[in-house]
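Okay, here's what each chain looks like letter by letter:
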Amino acid sequence: MRRFLLHTAILAGIAGVCGALVVGFGLFDVSARKGHLPGVSWVLHTAFRNAVELRAPSAEAVPDLSDPDLVALGARHYDGACRVCHAAPGEARTATVRAMLPAPPPIREAVADWEPQHLFAIVKHGVKMSGMPAWPTDRRDDDVWPVVAFLTRVPDMTLAQYEDLVAAPERTEQGDDTTVAYCASCHGADGRGRDNAHIPRLDLLSEAYIAATLAAYRSGARESGIMRHAASTLDDTDDARLARLFARQDGETAPQPAPAVDADLVARGRSLATGASPASTKVPACAACHGPWPQRLSADFPRLSGQPEPYLRRQLELWRAEERGGTARAPLMHEAARALEDADIRALAAFYAAQPPE
Ligand code: HEC
Ligand code: HEC
Ligand code: HEC
């Protein structure tokens with residue numbers, strides 16, 4: 001027994017010295033010129049497939065991905081964050097990308113073998129040591145799904161259809177400012193969100209709130225993989241410039257939103273928001289801070305009237321779960337949303353979405 005242990009220790013020692021020599025003298029070939037040894041690629045690929053299948057949510061957890069607004073939002077994020085590696089549907093990848101090891105597959109190939117729940121797991125977690133990044137935050141599963149909604153459309157999408165989907169609207173007075181065009185591809189040249197139900201209107205907000213919010217996305221104080229990516233290369237000067245461009249300026253009136261559908265829900269939302277409902281003792285009157293006001297209290301309190309209903313609903317769910325941060329004033333909202341029931345959230349979102357912007 002002692003002899004066996006001695007031999008094992010000697011062998012381990014020799015292996016250790018060999019390993020140290022390979023590392024120390026740079027003998028291990030890290031170049032991306034040649035692939036793995038035969039067999040290693042198979043092991044890695046099988047490990048990748050199994051790991052994705054293990055971490056994917058169940059097929060029942062996949063939300064409805066047919067909403068065209070979800071697809072459009074996902075496509076525009078893809079264009080800014082993923083196209084550089086996987087190219088657009090039907091577009092050639094650059095020679096530099098093809099020289100990566102492993103090379104990012106063209107997007108039609110990348111989606112071919114996977115169900116939506118697997119695509120979700122890949123986009124959320126990324127693939128270690130391959131160049132495939134993880135989603136910039138692990139706390140917002142809801143903002144990964146738009147990208148998955150887009151990926152499920154890729155097999156039938158032509159390059160022309162893709163370009164149409166992601167094109168920025170004209171903004172002639174801004175010349176060819178690429179940052180503004182990028183923001184405008186989602187928020188619209190006028191900040192109105194291009195009528196997409198999942199994208200907030202910026203033309204309702206104040207300059208101070210927009211600039212502070214962009215900084216909060218960049219620092220991670222407000223979590224969103226989509227907006228963290230969009231804000232990551234800006235600095236304080238850009239924040240101020242973009243805020244000035246997109247914010248509602250004094251004296252401007254914002255256009256009306258679409259009329260509401262469910263009058264009862266809106267009425268319930270109104271009584272909650274204004275504190276008129278007897279059931280709302282634990283819910284503070286939102287109107288004091290957010291309107292409809294007799295007189296606006298502070299530009300730091302964002303206008304809600306006219307924001308799209310699905311956006312408001314999602315943000316209220318995030319506030320209630322304390323999953324949304326923001327500026328230094330965000331704790332006011334954790335307090336305000338704590339006691340909201342699901343039905344309250346639906347009513348409040350319906351009410352504010354139906355109000356004409358103040
Ligand atoms: C820096 C380059 C890079 C970026 C940016 C990137 N990827 Fe990838 N992606 C890769 C590489 C490399 C792989 C291959 C991983 C492997 O096979 O081990 C990959 C794999 C994938 C796959 C799985 C394909 C397969 O092998 O079956 C999907 C789907 C995917 N990426 C989607 C995306 C999406 C969506 C985004 C944007 C949110 C994105 N990628 C951003 C490099 C990138
Ligand atoms: C790919 C689409 C996309 C792009 C590009 C984009 N945004 Fe956004 N933006 C969103 C979405 C979606 C949200 C909501 C995120 C959340 O849930 O926090 C948002 C939120 C915001 C908010 C917070 C609004 C509020 O009511 O609190 C601001 C401010 C903002 N974006 C400004 C910008 C600026 C400035 C740019 C350009 C640098 C930009 N966005 C680029 C999609 C986009
Ligand atoms: C004491 C003031 C106050 C009260 C009361 C209040 N809020 Fe807020 N709310 C805020 C502030 C401040 C913010 C912005 C936080 C930040 O800067 O990040 C905000 C943000 C929000 C947002 C996100 C807006 C956007 O554009 O993303 C929603 C939605 C919201 N509040 C809904 C409500 C509702 C519904 C109620 C009533 C149940 C309510 N609030 C009560 C102060 C308040």
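Just so it is clear, the model here is predicted, and its values are computed rather than measured.

Attention now goes to the site of ligand 2. Taken together, 26 residues surround ligand 2, and among them Cys-183, Cys-186, His-187, Tyr-209 and Met-227 come closest. At a separation of 2.8 Å, a nitrogen atom of ligand 2 approaches a polar side-chain atom of His-187. The contact in question runs from an oxygen atom of ligand 2 to an N or O atom on the side chain of Tyr-209, over 2.6 Å. For the shell around ligand 2, the secondary-structure elements that each account for two or more residues are helix H3 (68-81), helix H10 (178-187), helix H11 (207-219), helix H12 (225-231) and helix H16 (309-320).

The next subject is the nonpolar core. Tyr-78, Ile-107, Val-148, Phe-150, Leu-151 and Tyr-162 are the most contacted members of the largest nonpolar core, which totals 34 residues. Taken together, the elements giving at least two residues each to this core come down to H3, helix H6 (107-112), helix H7 (116-125), helix H8 (145-153) and helix H9 (159-166). With 6 residues, the single largest contributor to this core is H8. With residues up to four places along the chain from it excluded, the contact list for Val-148 reads Leu-65, Pro-116, Leu-119 and Phe-120. Judged by nonpolar contacts, the second largest core, of 23 residues, contains Ala-287, Ala-336, Leu-348 and Tyr-352.

For the rest of this paragraph, the subject is the coordination of the iron atom of ligand 1. Those protein atoms acting as donors to the iron atom of ligand 1 are His-86 (NE2) and Met-132 (SD), and they sit at 2.0 to 2.1 Å. Around the iron atom of ligand 1, the 6 donor atoms are arranged such that angles at the metal cover 87 to 178 degrees; this shape is classified as octahedral. Of this pair, His-86 sits in helix H4 (residues 83-86) while Met-132 sits in the loop between H7 and H8, and the two are 46 residues apart along the sequence. A relative accessible area of 13% places His-86 in the buried class.

With respect to the helices and strands, the residue Ser-224 is situated in the loop between H11 and H12. As for Ser-224 and Asp-141, which are separated by 83 residues in sequence, their C-alpha atoms are 9.3 Å apart. A polar contact of 3.0 Å, which involves the side chain of Ser-224, links it to the backbone nitrogen of Met-227.

A few words on the packing of helix H14 (residues 263-273) against helix H18 (residues 342-354). In contact at an axis separation of 7 Å, H14 and H18 are set at 95 degrees when each is read in the N-to-C sense. Here H14 is positioned roughly perpendicular relative to H18, judged by the angle of their axes. On the side of H14, the interface is formed by Leu-265, Val-266, Arg-268, Gly-269, Arg-270, Leu-272 and Ala-273, while H18 contributes Ala-343, Asp-344, Arg-346, Ala-347, Leu-348, Ala-350, Phe-351, Tyr-352 and Ala-354. Residues belonging to the contact of H14 with H18 are distributed by class as follows: 11 nonpolar, 1 polar and 4 charged.

As a further point, take the site of ligand 1. Among the 19 residues in the neighbourhood of ligand 1, the closest are listed as Cys-82, Cys-85, His-86, Trp-114 and Met-132. Side-chain polar atom of His-86 to a nitrogen atom of ligand 1: 2.7 Å apart, as the coordinates give it. Contributing elements (two or more residues each) for the shell around ligand 1: H4 and H7. Among the elements that take part in the shell around ligand 1, H7 stands out by supplying 3 residues, more than any other. Its residues assigned to classes, the shell around ligand 1 shows 16 nonpolar, 3 polar and no charged.

Among the 10 residues in H7, 8 count as buried, and that is most of the element. All of the buried residues along H7 are Gln-117, His-118, Leu-119, Phe-120, Ala-121, Ile-122, Val-123 and Lys-124. Those residues of H7 that are buried lie in contact with helix H2 (40-55), H6 and H8. Gly-126 sits one or two positions beyond H7 and adopts a positive phi of about 70 degrees.

The domain architecture assigned to the chain consists of domain 1 (61-165), domain 2 (168-246) and domain 3 (263-354). Between the C-alpha centres of domain 2 and domain 3 the distance comes to 23 Å. Between domain 2 and domain 3, the contact holds 16 residues from the first and 15 residues from the second. Counting the surface lost from both domain 2 and domain 3, the interface buries some 1300 Å², and carbon and sulfur atoms represent 56% of this. Broken down residue by residue, the surface that domain 2 buries against domain 3 is led by Leu-204, Tyr-209 and Arg-222, which jointly contribute 39%. Applying the counting criterion to the domain 2 and domain 3 interface returns 0 salt bridges. At the junction of domain 2 and domain 3, the tally comes to 7 residue pairs in polar contact (both at pLDDT 80 or more). Looking at side-chain class alone, the side of domain 2 that touches domain 3 contains 10 nonpolar, 4 polar and 2 charged residues.

Rules and cut-offs
- Residues numbered from 1 in each chain as written.
- Chains lettered and ligands numbered in written order.
- Predicted model: local features only at pLDDT ≥ 70, side-chain atom pairs only at ≥ 80, totals over all residues.
- Heavy atoms only, no water.
- Near = heavy atom within 4 Å.
- Polar contact = N/O pair within 3.5 Å; in protein donor to acceptor, adjacent residues only side chain to side chain.
- Helix = DSSP H or I, 4+ residues; strand = E, 2+ residues; numbered from the N terminus.
- Core = buried A, V, L, I, M, F, W, Y, C linked by side-chain atoms within 4.5 Å.
- Buried < 20%, exposed > 50% of the residue type's maximum accessible area, 1.4 Å probe, protein only.
- Contact = heavy atoms within 4.5 Å.
- Donors = N, O, S within 2.8 Å, 3.2 Å for Na, K, Ca; no water.
- Tetrahedral: all angles 85-135°; square planar, octahedral: opposite > 155°, others 65-115°.
- Axes fitted to C-alpha atoms, helices over the stretch in contact; angles between N-to-C directions.
- Parallel < 35°, antiparallel > 145°, perpendicular 65-115°, else oblique.
- Nonpolar A, V, L, I, M, F, W, Y, C, P; charged D, E, K, R; others polar.
- Domains from an automatic or database assignment.
- Buried area = accessible area lost by both parts, 1.4 Å probe.
- Salt bridge = Lys/Arg side-chain N within 4 Å of Asp/Glu carboxyl O.

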